[in-house]
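Descriptive structure summary
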Amino acid sequence: MPIMPEATTAPSPPPRWTQDAALALVFLTRLPLPPIGQLNGLLSGPLAEGASARAMGWFPPVGALIGLAGGAVYAAAAALHLPPLAGALLALAATVRLTGGLHEDGAADVADGFGGGRDPARKLEIMRDSRVGSYGVLALVFSVGIRAAALAALPVPAAVAALAAAGALSRCGLAAMARVLPAARRDGLAAAQGRPAMTTVLLALLFGIAIAAMALGGLALPALALPALAASLLAVAAVAALARKQIGGHTGDVFGAAQQAAEAAVLLTLSALIGAAAIGAAA
């Protein structure tokens, strides 16, 4: 009697949240991960539809990891008795290394395009140019300088918490911007990403505020997450309003500029409030 081969069952697809989280990690970092097509078939099958937009809900946790990496460098620099400003610059350099300068590049392109273009078409053309002009250089100088100065004013535990909180909060409003602002280009990556659902927007906001509260809770200051969130959302809203006026919508570079503005706003807010809390406790 012939032996019948055993029936094999196809492996079950991975949960949707793992796909979304993996895509967020791929989008925002330059970690040596396998090609996205090999990540357990994350971009195949029914789960792939809308995955790029859904991944924005997971931007805050990835941002927090990036911030924690910078915080570890800041702590190491302090342990080596380096000046606070040097430690802050090294911490920011570590985050840039992890992201490949993704957000900084976007901020520079936006500054060049918005500052040098006469009309929306010309602005978008300049933003696609790989060369960096004077507006872009100044944007990078101010972005790095403001964030480094805010960090250098904080003691090590507060700086680590602030970097984790800022990493999450500076990315939690990007999904909202993608939902309310149309794409400025039909052929851009931001347009191909699609419009996030309201559930994605809410997930990103919840992740951002929860992570910030946990990070600042270690300093017994979890309530500072609310003003930090407000500062982040105001910065993103300001960049979104400017982008609507300048080019009629968003691009990938606009997302980068919004993240940089939001991170600077969060770090400045936390630096001021933590410093005020320390003065009050000492009085």
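Scroll up for the structure.
Quick summary incoming for the structure in this document. Everything quoted here is computed from the prediction, not taken from an experiment.

What counts, and at which threshold
Residues numbered from 1 in each chain as written. Predicted model: local features only at pLDDT ≥ 70, side-chain atom pairs only at ≥ 80, totals over all residues. Heavy atoms only, no water. Salt bridge = Lys/Arg side-chain N within 4 Å of Asp/Glu carboxyl O. Helix = DSSP H or I, 4+ residues; strand = E, 2+ residues; numbered from the N terminus. Buried < 20%, exposed > 50% of the residue type's maximum accessible area, 1.4 Å probe, protein only. Patch = residues over 30% accessible without salt bridge, like charges linked within 9 Å, V, L, I, M, F, W, Y side chains within 5 Å. Areas by Shrake-Rupley, 256 points an atom, 1.4 Å probe, with all protein chains shown as cover. Axes fitted to C-alpha atoms, helices over the stretch in contact; angles between N-to-C directions. Contact = heavy atoms within 4.5 Å. Nonpolar A, V, L, I, M, F, W, Y, C, P; charged D, E, K, R; others polar. Parallel < 35°, antiparallel > 145°, perpendicular 65-115°, else oblique. Left-handed = near helix turned anticlockwise from the far one by under 90°. 1 Å grid on protein atoms, 1.4 Å probe; cavity = no way out; pocket = protein on both sides within 12 Å on 5 of 7 lines; lining within 4 Å. Points joined across faces, edges and corners; volume = space filled by probe spheres on them. Core = buried A, V, L, I, M, F, W, Y, C linked by side-chain atoms within 4.5 Å.

This paragraph deals with the pattern of salt bridges. Taken as a whole and assessed by the stated rule, the structure comprises five salt bridges. Residues Asp20 and Arg54 are paired through a salt bridge, measuring 3.1 Å at the closest nitrogen-oxygen approach. You can see Asp20 sitting in helix H1 (residues 16–28) and its partner Arg54 sitting in helix H2 (residues 51–54), a full 34 residues away along the chain. Here Asp20 and Arg54 have matching classes, each one buried. Between Arg147 and Glu104 there is a salt bridge, with the nearest N and O atoms lying 3.3 Å from each other.

On to a nonpolar patch on the surface. A surface patch of nonpolar side chains, about 380 Å² in accessible area, is lined by Leu138, Phe142, Ile146 and Leu268. Ranked by the residues each element gives to the nonpolar patch, the list is headed by helix H7 (residues 134–152), at three residues. In this fold, Leu138 is placed in helix H7. Relative accessible area serves as the criterion here: at 46%, Leu138 is assigned to the partly exposed category.

As a further point, take the packing of helix H3 (residues 59–79) against helix H11 (residues 198–217). Two elements in contact, H3 and H11, have axes whose closest approach is 8 Å; the angle formed by their N-to-C orientations is 30°. For the pair H3 and H11, the contacting residues are Pro60, Pro61 and Ala64 in the first and Ala204, Phe207, Gly208 and Ile211 in the second. By residue class, the composition of the contact of H3 with H11 is six nonpolar, one polar and no charged.

Along the chain, the position of Tyr135 falls in helix H7. In this structure, the C-alpha to C-alpha distance between Tyr135 and Ala107, residues 28 residues apart in sequence, is 9.9 Å. When near neighbours in sequence (up to four residues on either side) are disregarded, Tyr135 contacts Ala111, Asp112, Gly115 and Gly116.

Moving on, we come to the packing of helix H4 (residues 84–99) against H7. Between H4 and H7, whose axes approach to 8 Å, the crossing angle comes to 125°. Taken as axis vectors, H4 and H7 run oblique relative to one another. Relative to H7, the crossing made by H4 is right-handed. For the pair H4 and H7, the contacting residues are Pro84, Leu85, Ala88, Leu89 and Leu92 in the first and Val144, Arg147, Ala148, Ala149, Leu151 and Ala152 in the second.

In this section: the layout of surface pockets. The computed volume of the second largest pocket comes to approximately 300 Å³. Residues belonging to the lining of the second largest pocket are distributed by class as follows: 12 nonpolar, two polar and no charged.

Here we take up the nonpolar core. Met56, Phe114, Met127, Leu174, Met177 and Val254 are the most contacted members of the largest nonpolar core, which totals 36 residues. Among the secondary structure elements, those contributing two or more residues to this core are H1, H3, helix H5 (102–116), helix H6 (120–128), helix H9 (174–180), H11, helix H12 (225–247) and helix H13 (252–282). Considering each element in turn, this core owes the most residues, seven residues, to H12. When neighbours within four sequence positions are excluded, Met177 is seen to be in contact with Val236, Ala240, His250, Val254, Phe255 and Ala258. Listed in part, the 29 residues of the second largest apolar core include Ala88, Ala159, Val266 and Leu267.

None of this, on its own, says anything about what the molecule does.
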